Amino acid sequence: MICIELDTNLSASMVTVMPLLPDTPNHTYSHTLFIKDCSVQTWIGVYEHEQKNPTILVFNIELDVDARQASSSDLIGDTVDYAVVVSYIREYLRHARHRLLETLTQQVADQIFSTFNVSRVRLSVAKTGILEGVASVGVEIERFRNANRMSMGTSHSASLKKH
């Protein structure tokens, strides 16, 4: 955030731009880590033909983390390692079986919250190539750990994407 201070003794075109420093105790330090187009093979589907073979899902993930320590230390141990997140999700889904993307997406979000120190998870999960003329179908959710919002959030939407 930037504070613009006008000097009344100078013309209106003369301004001083000063960054606002995060000096209030309620200031939130958050970085959003993202993982895009992560392919994961798992068992999902309502129909018999879906239950016979594993399906490739495409994940897009955003994780809000407090990265103050990592920003100054430059150490991976002071933040959430996105490679570990990907490995964790792949391992979790390797043996899982779900009928609905809605169920799978919520359970993955729950697993992320129980395993990693994140304040927000936005998770998009898509099946590709399952409907003729449709690139992908999927579910997107957003969940919050913050006590000021409902635990695990309330945002939920389903989407169809055409190409």
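Just above sits the structure.
The shown structure was predicted, so the numbers you read here are calculated from the model rather than taken from an experiment.

Parameters at a glance
Residues numbered from 1 in each chain as written. Predicted model: local features only at pLDDT ≥ 70, side-chain atom pairs only at ≥ 80, totals over all residues. Heavy atoms only, no water. Core = buried A, V, L, I, M, F, W, Y, C linked by side-chain atoms within 4.5 Å. Buried < 20%, exposed > 50% of the residue type's maximum accessible area, 1.4 Å probe, protein only. Helix = DSSP H or I, 4+ residues; strand = E, 2+ residues; numbered from the N terminus. Contact = heavy atoms within 4.5 Å. Polar contact = N/O pair within 3.5 Å; in protein donor to acceptor, adjacent residues only side chain to side chain. Expected span 1.5 Å × (residues − 1). Arc of directions from axis to C-beta. Patch = residues over 30% accessible without salt bridge, like charges linked within 9 Å, V, L, I, M, F, W, Y side chains within 5 Å. Areas by Shrake-Rupley, 256 points an atom, 1.4 Å probe, with all protein chains shown as cover. Salt bridge = Lys/Arg side-chain N within 4 Å of Asp/Glu carboxyl O. Axes fitted to C-alpha atoms, helices over the stretch in contact; angles between N-to-C directions. Parallel < 35°, antiparallel > 145°, perpendicular 65-115°, else oblique. Left-handed = near helix turned anticlockwise from the far one by under 90°. Nonpolar A, V, L, I, M, F, W, Y, C, P; charged D, E, K, R; others polar.

Draft legend 1. A look at the nonpolar core. With 30 residues, the main nonpolar core has Phe-59, Leu-63, Ile-89, Val-118 and Leu-123 as its most contacted residues. Of all the secondary-structure elements, those providing two or more residues to this core are β3 (31–44), β4 (55–65), α3 (82–94), α4 (101–115), β6 (120–131) and β7 (134–144). Here this core gets six residues from one element, more than from any other, and that element is α4. Contact partners of Val-118, with chain neighbours within four places excluded, come to Leu-63, Asp-64, Val-65, Val-80, Ile-112, Phe-113 and Arg-145.

Draft legend 2. Representation of the side chain of Glu-50 in the model. Relative to the elements of secondary structure, Glu-50 occurs in helix α1 (residues 48–52). With relative accessibility at 12%, the residue Glu-50 sits in the buried group. A polar contact of 2.9 Å, which involves the side chain of Glu-50, links it to the side chain of Lys-127. Setting aside residues up to four positions removed in sequence, Glu-50 forms contacts with Ile-44, Gly-45, Thr-55 and Lys-127.

Draft legend 3. A look at α3. Look at α3: 18 Å from first C-alpha to last across 13 residues, which is about the 18 Å you get at 1.5 Å a residue. Along α3, the positions that sit buried rather than exposed are Val-85, Val-86, Ile-89 and Leu-93. Here the buried residues of α3 occupy an arc of 95° about the axis, which is enough to place them on one side. Against β3, β4, β5 (97–98) and α4 lie the buried residues of α3. Backbone nitrogen of Ala-83 and a side-chain oxygen of the N-cap are separated by 2.9 Å at the start of α3; the cap is Asp-81.

Draft legend 4. Structural detail: a nonpolar patch on the surface. Where nonpolar side chains cluster on the molecular surface, the patch consists of Val-46, Tyr-47 and Leu-100 and spans about 280 Å² of accessible area. Tracing the backbone through its elements, the reader meets Tyr-47 in the loop between β3 and α1.

Draft legend 5. Layout of the packing of α3 against α4. Between α3 and α4, the least distance of the axes is 11 Å, while the angle of their chain directions is 130°. Relative to α4, α3 is oriented oblique. As α3 packs across α4, the resulting crossing turns out to be right-handed. Facing Tyr-88, Ile-89, Tyr-92 and Leu-93 of α3, the residues of α4 in contact are Leu-104, Gln-107, Val-108, Gln-111, Ile-112 and Thr-115. Among the residues forming the contact of α3 with α4, the class breakdown is seven nonpolar, three polar and no charged.

Draft legend 6. Spatial organisation of the pattern of salt bridges. In the structure shown here, the tally under the stated rule is nine salt bridges. With a closest N to O distance of 2.9 Å, Lys-127 and Glu-50 form a salt bridge. Placement of the pair is Lys-127 in strand β6 and Glu-50 in helix α1, with a sequence separation of 77 residues. The salt bridge partner of Asp-64 is Arg-120, with a shortest N-O separation of 2.9 Å. Of the two residues, Asp-64 sits in strand β4 while Arg-120 sits in strand β6, which places them 56 residues apart along the sequence. The exposure class assigned to Asp-64 is buried, which follows from its relative accessible area of 12%. Of the residues examined, Arg-120 reaches a relative accessible area of 9% and is grouped as buried. By sharing partners, the salt bridges in this structure join Glu-62, Asp-64, Arg-120, Arg-122, Glu-140 and Glu-142 into a single network.

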